[in-house]
Amino acid sequence: MTIAPGNVFGFWMLIAISALVIYTIRASERGKFKVTIRPIAGLEAIEECVGRATEMGRPVHFSPGLGDIVTTSAPDTLAALQILSYVTDVAAKYDARFLVTIRMPNVYPLATETVRQGYIAANKADSYRDNMVRYVSSDQDAYAAGVIGLFHQEQVASSILAGLYMGEALLLAESAARLGIMQVAITASVMQVPFFVAACDYTVIGEELYAAGAYLTNDKGRLGGIAGQDYIKLIVIGIILIGTLMTSAGSNAIQSLLTM
Amino acid sequence: MQISTNIWQWISVICIFGMWSLPLYKDNPFYRVCQNVFVGSCAGHAIGIAIGNIVNYGFEPLFTQSKIDLLIPVILGLMLYTRFFPGVAWLSRWPVAFLVGVGVGQTIYASLRSQVINQSIAAMTKFPQPTVGATINGLVSLIGLLSILTYFLFTVPQSGVVRGMSELGRWMMMVTFGVGFGNVVSGRLSVLLGELLKIFGDWLGMI
């Protein structure tokens, strides 16, 4: 068995990255080094979001985005589900009315289980209702229309939009802003960030989405994973700098190595 | 002016007005009817597609071509419904776990290849470039990339050079977002023009 040409470096890099991240996770769990994440204002505002809804006696809405769990959008959706777990804990703690809307059918059972387990863990199993998690539509525009309707009909007080978003991002965020709904958007969808920045109270951008789970739970293992990813970014910065210098000097050795 | 006699044009335009009534006026029964027609028809369409897929890619090859291996996805699919039976509800987690595993497995190498290795190669440009303009362009791209990467270092203390690069990265992103905002707004205007064409052209026959 041989590795297909063009994938040799990628294969070994994947092995090295995985080993590094596993090492940092283990080291952090064992307390070998302490990981501190820089403050992310948008994530701090989630509790305020739920608290506001509780005080107003109106629901807090959560969307795990438009992504699926079987495509390239899987990391965004799984990160959004980690945030859902935290929001469920806070909503259960405050006894807030909670509403989760789903676009992809595959995400529905995961979201339902996450919310149900959150209420059980908070000793609030009686407060859990099956209609807290609602499948709206797998069509993105119909999903937006359904959620906007819910904003009006349920008189939502706060909305947390996490995960992958596409063209309907502005429809959701602008409609909520018009109704005075407090919003926190957490997305790595570069093209949609401008709209969330314009229409939401807080916007958490790019890779902050993937770090959110660790940031909110303060779990040592997850924090170790974030530290491992930071080391990888530093290595990539180093490779780009060395590659640029060598290319300018007339050598394509780094490019050849990466495409090996 | 010749108003269309096609019933579907009328329904289409009525639905457009219904959707517009929410932002232009407020929540109203007309909007709710149009919203529910839209969501319901999309759900019906999705169910139709799903049933077609199950029959065409599942049952038909399984029973007419005896492709026994298709029993695995069929059984996994049926296991999803065990969540409605409390005694065996735990079985519904297996297909979900399988889906998540396949999703992550498919994504992990593709992301590394396209988002890390290929982009790193693309960033390694030669300096100086043939023209001053191209050199400045290349430098802005390189510094922008490195500063934005620095902004997303979460566990490195934000002081000294890191802080400076991080701030620069933030400004770079804000400029990029501004450009993106402008592009999409012009794209949305073309969508609005499409709707106006439907109303004044296809429906009223004025254009």
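Sequence order as written defines the numbering, with residues in each chain counted from 1. By the order in which they are written, chains take letters starting at A while ligands take numbers starting at 1. A pLDDT threshold of at least 70 governs which residues receive local features in this predicted model, and a stricter bar of 80 or more applies before side-chain atom pairs are shown or counted, although totals over entire chains, interfaces and linings include all residues.

Another point: the overall build of chain A. Of the regular secondary structure elements, chain A holds 10 helices and six strands. Its C-alpha atoms put chain A at 65 × 40 × 40 Å along the principal axes. Neighbour density around each residue's C-beta defines its exposure: 20 or more other C-beta atoms within 10 Å make it buried, 12 or fewer make it exposed, and counts between make it partly exposed, where C-beta atoms are placed from the backbone. Looking at chain A as a whole, 52% of its 260 residues qualify as buried. Taking the intrachain contacts of chain A between residues at least 6 apart in sequence as the baseline, contacts between residues at least 24 apart amount to 72%. Each helix corresponds to a stretch of at least 4 residues labelled H or I by DSSP, and each strand to a stretch of at least 2 residues labelled E; elements are numbered beginning at the N terminus. Note on contacts: each residue gets a C-beta atom placed from the backbone, and two residues are in contact if those atoms are within 7 Å.

The helix and strand tally for chain B stands at six helices and zero strands. Written out in order from the N terminus, the α and β elements of chain B read α-α-α-α-α-α. Once the C-alpha set of chain B is aligned to its principal axes, its extents read approximately 60 × 60 × 35 Å. For chain B, the share of sequence-separated contacts (at least 6 apart) that also reach a separation of at least 24 residues comes to 26%.

What follows is about the nonpolar core. Core analysis: the largest hydrophobic core is formed by 95 residues, its most contacted members being Ile-83, Val-87, Val-100, Ala-173 and Ala-212 of chain A. Counting contributing residues, this core receives three or more from each of domain 1 (8-34 + 220-258) and domain 2 (41-217) of chain A. The residues contacting Ala-173 of chain A, other than those within four sequence positions of it, are Gln-183, Ala-185, Phe-195, Phe-196, Ala-199 and Cys-200 of chain A. Each nonpolar core reported here comprises buried Ala, Val, Leu, Ile, Met, Phe, Trp, Tyr and Cys residues connected via C-beta atoms within 7 Å. If you look at the next biggest cluster of nonpolar residues, it comprises six residues, including Ile-240 of chain A together with Ala-123, Leu-146 and Met-165 of chain B. Each domain's extent was defined by an automatic or database domain assignment.

All right, on to the domain arrangement of chain A then. Residue and element names in this part refer to chain A. As far as domains go, chain A holds domain 1 (8-34 + 220-258) and domain 2 (41-217). Here the C-alpha centroids of domain 1 and domain 2 sit 32 Å apart. Taken together, the contact between domain 1 and domain 2 spans four residues of the former and four residues of the latter. Considered class by class, the residues forming the side of domain 1 that touches domain 2 number two nonpolar, one polar and one charged. Each residue is assigned to one of three groups, with Ala, Val, Leu, Ile, Met, Phe, Trp, Tyr, Cys and Pro labelled nonpolar, Asp, Glu, Lys and Arg labelled charged, and all others, Gly among them, labelled polar.

This brings us to the interface of chain A and chain B. Residue-level contacts link 49 residues of chain A with 48 residues of chain B. Where the side of chain A that touches chain B is concerned, the elements lending two or more residues are α1 (8-29), α3 (74-94), α4 (107-121), α5 (140-153), α7 (193-199), α9 (220-248) and α10 (253-258) of chain A. Examining the composition of the side of chain A that touches chain B, we find that 12 residues originate from one element, α9 of chain A, more than from any other. Looking at the side of chain A that touches chain B, its residues break down into 27 nonpolar, 17 polar and five charged.

On to α1 of chain A, then. Side chains that are three or four residues apart share a direction in an α-helix, a result of its 3.6 residues per turn. Residues and elements named next belong to chain A. Expected span of a helix: the number of residues minus one, times 1.5 Å. For α1, built from 22 residues, the straight-helix expectation of 32 Å at 1.5 Å per residue is met to within 8% by its first-to-last C-alpha distance of 32 Å. Buried within α1 we find Gly-10, Met-13, Thr-24, Ile-25 and Ser-28. Across the axial projection of α1, the buried residues extend over an arc of 100 degrees, all falling on one side. Opposite the buried face of α1, at more than 90 degrees from it, the exposed residues are Trp-12, Ile-15, Ala-16, Ser-18 and Ala-19. By definition, the arc is the one covered by directions from the helix axis to the C-beta atoms.

Quick look at the pairing of strand β6 (residues 202-205) of chain A now. Residues and elements named next belong to chain A. The two faces of β6 match: Tyr-202 and Val-204 on one face and Thr-203 and Ile-205 on the other face are all buried. Note that strand β5 (residues 182-187) and β6 share four bridges and pair parallel. Note that in β6 the partner of Thr-187 across the bridge is Ile-205. When the strands point away from the viewer, a crossover counts as right-handed if the path from the first strand over the helix to the second runs clockwise. For the crossover that starts at β5, traverses α7 and ends in the parallel β6, the hand is right-handed. Pairing between strands is defined by DSSP: at least two bridges between the two strands are required.

Residue and element names in this part refer to chain A. Among the five residues of strand β4 (residues 158-162), five are classified as buried, and the element is accordingly described as predominantly covered. Burial of β4 is two-sided: the residues Ser-158, Ile-160 and Ala-162 facing one way and the residues Ser-159 and Leu-161 facing the other way are all buried. Sheet topology places strand β1 (residues 60-63) next to β4; four bridges connect them, and they run parallel. Bridge pairing in β4 links Val-60 to Ser-158. Bridging between β4 and β5 involves five bridges; their strand directions are parallel.

Before going further, it helps to spend a moment on unusual backbone geometry. Omega for the bond connecting Phe-127 of chain B with Pro-128 of chain B falls within 30 degrees of zero, at -10 degrees, which places this linkage in the cis form. A positive phi is found at Asn-123 of chain A, a non-glycine position, where the angle reads about 60 degrees. Mapped onto the elements of the fold, Asn-123 of chain A is located in the loop between α4 and β3 (133-135). By the C-beta count within 10 Å, which is 10 here, Asn-123 of chain A ends up exposed. At Ser-66 of chain B, a position not held by glycine, the phi torsion is positive, near 55 degrees.

Take the sheet that holds β3 of chain A next. Residues and elements named next belong to chain A. Here we have six strands laid out as an open sheet, ordered β3-β2-β1-β4-β5-β6, and parallel in their pairing. Each having just a single partner strand, β3 and β6 make up the two edges of the open sheet. Across the sheet, the mean angle separating the axes of adjacent strands is 15 degrees when strand polarity is ignored. Fitted lines through C-alpha atoms serve as axes, helices being fitted only where they are in contact, and the angles separating the N-to-C directions of these axes extend from 0 to 180 degrees.

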